[in-house]
Each structure stands twice: as structure tokens, then as C-alpha cells.
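Structural features, examined
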Amino acid sequence: MKTKRKFPTFNKSDDTAARASQAVDEGRDRKANRLFKKAARQENREIRREERRKKKKKKNIGYGR
């Protein structure tokens, strides 16, 4: 019997956004903008990764060749 490994999932984007909001509080707007953009890219990447996992599970195996 195979067992699936379950790794803990964490959101990098949340950590990056927290750092960005801290930079805003410090008055470092350029750094905050850069970090917010980075957090947005990371979040998009996480969403695409989840969609790919769901799509992979839906594939019909056994049809075709």
C-alpha cells in the first residue's frame, strides 16, 4: 500500500506581505512597493500550482493509447 507524503503547505506571499506592511510603517515606500509586487507574484504562483494539482487529479487514466 502506497502512502502519500503530505508536506506542510505555507504561503510565502503572506510572509512577504507582512514584511511589506512593516516597511510601510517605517516609511520605506519603494521597498514596500517592491515587496507587495513580489507577494502578488507569489500568490499567483500558488494559485496556479493548486489549479495544476486539481487538474492533474481529474485526468482520465487508461483512455488513449
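Calculation rules
- Here the residue numbering is sequential within each chain, running from 1 through the sequence in written order.
- For a predicted model such as this one, the threshold for reporting local features is a pLDDT of at least 70, and the threshold for listing and counting side-chain atom pairs is 80 or more; totals across whole chains, interfaces and linings nevertheless cover every residue.
- Only hydrogens and water are set aside when side-chain values are computed; all heavy atoms of the structure are taken into account.
- Every case where a carboxyl oxygen of Asp or Glu lies within 4 Å of a side-chain nitrogen of Lys or Arg is listed as a salt bridge.
- Under the DSSP-based scheme used, a helix requires at least four consecutive residues in state H or I and a strand at least two consecutive residues in state E, with every element numbered from the N terminus.
- Whether a residue is buried, partly exposed or exposed follows from its accessible area with a 1.4 Å probe, protein chains only, as a fraction of its type maximum: under 20%, in between, or over 50%, in that order.
- A residue counts toward a patch only above 30% relative accessible area and without a salt bridge, and it is joined to like-charged neighbours within 9 Å or, for Val, Leu, Ile, Met, Phe, Trp and Tyr, to nonpolar neighbours within 5 Å.
- Each accessible area is a Shrake-Rupley result for a 1.4 Å probe, and residues are judged covered by the shown protein chains and nothing else.
- Counting rule for charge: Lys and Arg are taken as positive, Asp and Glu as negative, and neither His nor the chain ends is counted.
- Charge placement uses NZ in Lys and CZ in Arg. For Asp and Glu, CG and CD serve respectively.

**Quick word on the pattern of salt bridges**
Scanning all chains against the criterion turns up one salt bridge. Among the ionic pairs, Arg53 bridges to Glu50, the shortest N-O distance being 2.9 Å. Of this pair, Arg53 and Glu50 both sit in helix H2 (residues 29-58), three residues apart, which is roughly one turn of that helix. For Arg53, a relative accessible area of 43% gives the class partly exposed.

**Brief notes about a positive patch on the surface**
The grouping of Lys12, Arg19, Arg28, Arg34, Lys37, Lys38, Arg41, Arg45, Arg48, Arg49 and Arg52 at the surface amounts to a positive patch. Contributing elements (two or more residues each) for the positive patch: helix H1 (12-25) and H2. It is H2 that contributes the most residues to the positive patch, eight residues altogether. Mapped onto the fold, Arg45 is located in helix H2.

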